Structure formats: structure tokens, C-alpha cells
Amino acid sequence: MSFVYGIVPSRRLGRSLGVSPIPFKLCNYSCIYCQLGRTYNMTNERKTFFPPEDILEELKNFIRIYDNRNFDVVTIVSEGEPLLYTPLAVLIEGIKKITSKNVVLITNGSLFYEKGVRKAVEKCDIIMPTLDAWNEKSFKIINRPYGKISYEMMYNGLLKLREEFRGQIWLEVMLIKGVNDSVESIKKLKEKIEKIQPEKVYVNVPIRPPAEDWVKIPDKENIEYAKKELNAYTIEKQAVGSFLTINNDYNSVVDILKRHPLRINEIKNNFKKSNEIIAKLFKDPKIEKYVYNETVYFRYKNWR
Ligand code: SF4
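1. Let's talk about the packing of aromatic side chains
Here is step 1: The final tally for this structure, using the stated rule, is nine aromatic pairs.
Here is step 2: Measuring from ring centre to ring centre gives 4.7 Å for Phe24 and Tyr300, while their planes differ by 75°; the resulting arrangement is edge-to-face. Here the residue Phe24 occupies a position in the loop between strand 2 (14-19) and strand 3 (26-27), and Tyr300 occupies one in strand 13 (residues 295-300), the gap between them amounting to 276 residues. By the burial criterion, Phe24 is buried, and Tyr300 matches it.
Here is step 3: Plain terms: the ring middles of Phe282 and Phe298 are 5.1 Å apart, the flat faces sit at 75° to each other, and that makes the pair edge-to-face. Within this pair, whereas Phe282 is found in helix 10 (residues 274-283), its partner Phe298 is found in strand 13, the two being separated by 16 residues in sequence.
Here is step 4: An aromatic cluster is defined as three or more aromatic residues linked by ring pairs; in this entry it consists of Tyr29, Phe139, Tyr151 and Tyr155.
Here is step 5: The ring of Phe71 carries the charged tip of Lys101 above its face, separated from the ring centre by 5.0 Å.
Here is step 6: The residue whose ring lies beneath Lys200 is Trp170, and the NZ or CZ to ring-centre distance is 4.0 Å.

2. With respect to the packing of helix 8 (residues 250-257) against helix 10
Here is step 1: Taken N-terminus to C-terminus, the directions of helix 8 and helix 10 make an angle of 55°; their axes are 10 Å apart at the nearest point. The angle between the axes of helix 8 and helix 10 places the two elements in the oblique class. The crossing of helix 8 and helix 10 is right-handed. Within the contact between the two elements, helix 8 uses Tyr250, Val253 and Leu257 and helix 10 uses Ile277, Lys280 and Leu281.
Here is step 2: Of the residues in the contact of helix 8 with helix 10, the class split is five nonpolar, no polar and one charged.

3. Describing a nonpolar patch on the surface
Here is step 1: A cluster of nonpolar side chains, Phe282, Val291 and Val296, forms an exposed patch at the surface whose accessible area comes to about 260 Å².
Here is step 2: Take Val291: it is sitting in strand 12 (residues 287-292).

4. Description of helix 1 (residues 52-66)
Here is step 1: Here helix 1 contains 15 residues, and its C-alpha end-to-end distance of 21 Å stays within 8% of the 21 Å for a straight helix at 1.5 Å per residue.
Here is step 2: All of the buried residues in helix 1 are Pro52, Ile55, Leu56, Leu59, Phe62, Ile63 and Tyr66. One side of helix 1 holds all its buried residues, which, seen down the axis, span an arc of 120°. Residues of helix 1 that are exposed and point over 90 degrees away from its buried face: Glu53, Arg64 and Ile65.
Here is step 3: Those residues of helix 1 that are buried are in contact with strand 1 (4-10), strand 2 and helix 2 (88-98).
Here is step 4: Directly after helix 1, the chain includes Asp67, whose backbone phi takes a positive value near 50°.

What counts and how
- As a convention, each chain's residues are numbered from 1 in the sequence order in which they are written.
- Per-residue local features of the predicted model are confined to residues with pLDDT of at least 70, and side-chain atom pairs are confined, for both listing and counting, to 80 or more; whole-chain, interface and lining totals are unaffected and use all residues.
- By convention in this description, side-chain values take in all heavy atoms of the structure and omit both hydrogens and water.
- Aromatic contacts are taken between Phe, Tyr and Trp rings whose centres are within 6.5 Å, Trp giving its six-membered ring; a plane angle under 30 degrees counts as stacked, one over 60 as edge-to-face, and the others as tilted.
- The way it works is that DSSP assigns letters per residue, a run of H or I at least four long becomes a helix, a run of E at least two long becomes a strand, and they are numbered from the N terminus.
- Each residue's exposure class comes from its accessible area (1.4 Å probe, protein chains only) as a fraction of the maximum for that residue type: buried when under 20%, exposed when over 50%, partly exposed otherwise.
- A ring is scored as having a charge over it whenever the NZ atom of a lysine or the CZ atom of an arginine sits within 6 Å of its centre and within 35 degrees of its normal.
- Axis angles are defined between N-to-C directions and span 0 to 180 degrees, where every axis is a line fitted to C-alpha atoms and, for a helix, only to the segment in contact.
- Here the angle decides the label: under 35 degrees means roughly parallel, over 145 means roughly antiparallel, 65 to 115 means roughly perpendicular, and every other value means oblique.
- Helix crossings get a hand from a simple test, with the near helix turned counterclockwise from the far one by less than a right angle marking a left-handed crossing and a clockwise turn marking a right-handed one.
- Should any heavy atoms of two residues lie within 4.5 Å, those residues are counted as being in contact.
- For this classification, the nonpolar set comprises Ala, Val, Leu, Ile, Met, Phe, Trp, Tyr, Cys and Pro, the charged set comprises Asp, Glu, Lys and Arg, and every other residue, Gly included, is treated as polar.
- Excluding any residue in a salt bridge, patches collect residues exceeding 30% relative accessible area, merging like charges within 9 Å and nonpolar Val, Leu, Ile, Met, Phe, Trp and Tyr side chains within 5 Å.
- Residue burial considers only the protein chains on display, and all accessible areas are found by Shrake-Rupley using a 1.4 Å probe.
- The term salt bridge refers to a side-chain nitrogen of Lys or Arg lying within 4 Å of a carboxyl oxygen of Asp or Glu.
- Take the number of residues in a helix, subtract one, and multiply by 1.5 Å to get its expected span.
- The arc in question is formed by the directions pointing from the helix axis toward the C-beta atoms.

Function cannot be inferred from these measures alone, as they are strictly geometric.
Structure representation (C-alpha cells):
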């Protein structure tokens, strides 16, 4: 198991060194736009999936090889939902002892209704939660939460986080054509977002292959409208930059694919034996080839 999956270019964070404490696609949502596919492994049970010492040891080794100058932030971002990891506070504090770079948590924001979860993330520098919905109905359509998680619980948790958290909150809204990109939807989202008072708002669009084929990128005018109305930055373009992994080999590509899909060109531009790697990916039954917006992506297969 590899917990540190290399330095990847991020549209919001610069060069991000990713750390993942959750098994592949274990989540309490099954968002229609998820770039990892549908969630078949749905749970709301928090656990120590892996010992934090093992994750921190791997991070230490990575930084020993590449040192602090090669990345801008350490990002806790899972191939599932990181708030489900029980020793999150130990992990965050451990990262802070290893590097002085900012620690960022990318999360669906679902579990901040629990006091212990809010406490666990208090040492983060930046928390990036998602808010795509404005009521129970839109929440169920877009995020498809597990069991009893209601919109009210999730949203009140975000408000509580705002009250207590001393770092920055950068909120992300995923805009989906015909689902939450109308003037009316954006106005309702605005009301909800204003109460959270995030330091930054990002409007994202599904640029990578989504879980559901019918999910589409909104029209330019709708994105522009949302950007203006929500006083947001947009991140509708792919990140540009290089990837850095320890081994620069097939397994390093697969480790990245578990966290996000890659285009052929991204592999060609970043990995030494890229032709060999691409040929192997085409044959690997664990890897899905997916054409989205006229581009071929490789994605780690989400087994039932
Ligand atoms: S987008 Fe995030 S929160 Fe939604 S299903 Fe995928 S991993 Fe879970």
C-alpha cells in the first residue's frame, strides 16, 4: 500500500504532495460527478484503516528524497473520504512535525456535525470542503449521501466548523449542467455559502470522467454567472505541471490513478518509460479506459 502518491500539479494549490489514509473509494457519498466512479464501498463508520505511523514513515522517506523545495503543500486527499479516518489529528500533527509546509485537507465536509471530527482537523492550515447543494433534495441528487446523513446535519456541521476553526476554509462548488447551474440554484447556493463565510470559493466543473455518463460541464455563461455571483475563482481548466514520484514506474502511475484519472499526454510528459507504461495500462484489467470530452483517460477500476 502506498499512502504518499507523489507530487502532482494542482489548480488551486500549486505543487501538492498527496497523502491518502483511506482505502480505495471508501466514502460516505456517491457523488454523480466523482472522478473515481460510483461508490460501491459506502460507509459512515470511522476507522483506523492504516496505522498513522506507517503513513508518516512513508511521507518522511519521500521528503528525504525530494526535500521540501519540490512541493508547496501537503494535501490529505483520499481516494475516498478522509474524515472517515479516526486518527486524523495524529496524522495532521505528525505531518506538521515532518514539514513546515501548509497542511491542506480536501473533504466532502460531511462529518463536521461531530465535535470530535472538528477537533481532529483543528491543526490544518486550510480545509477545502465541498458544497454543491442547497437543500435535502439537491443533496440527494448530487452527492447521494450514506444512510442518515441529512443536508441539515452536513450544513450545520460546516457552520460549526466555521465558528471553531482558526485556519482558512476554501469552499468548492462542483457545477453540473442542468443540475445546479441555473440562476435560481446559484442564488440558493449563494445564501448558504454566505453564512459559512469561507475565505475563498472555487467553482469547479467535471473536467475529468464523472461517475455518471450524463453529467456534463455547464455552458460558459452559467460558469461565468456562478463565478460572479459567488465571488469565486473558477478551476475549469486542467492543471499544468509535472508529477514527481519516487520510482517513476508503472506502480507510481497506478498509485496516482487510484486518486485521479490521467490523460495519455500526462503520462507521456511525466514518466520515463511512458510508451511501455501506456501499453501495459491498456492491457491491465484493473484499469479502465474512458473517453470523455474527446480525450482518453485511464482510471482505476472501481470493483463491485
Ligand atoms: S467526489 Fe469525493 S465525496 Fe464524492 S463520492 Fe467521490 S470521493 Fe466521495
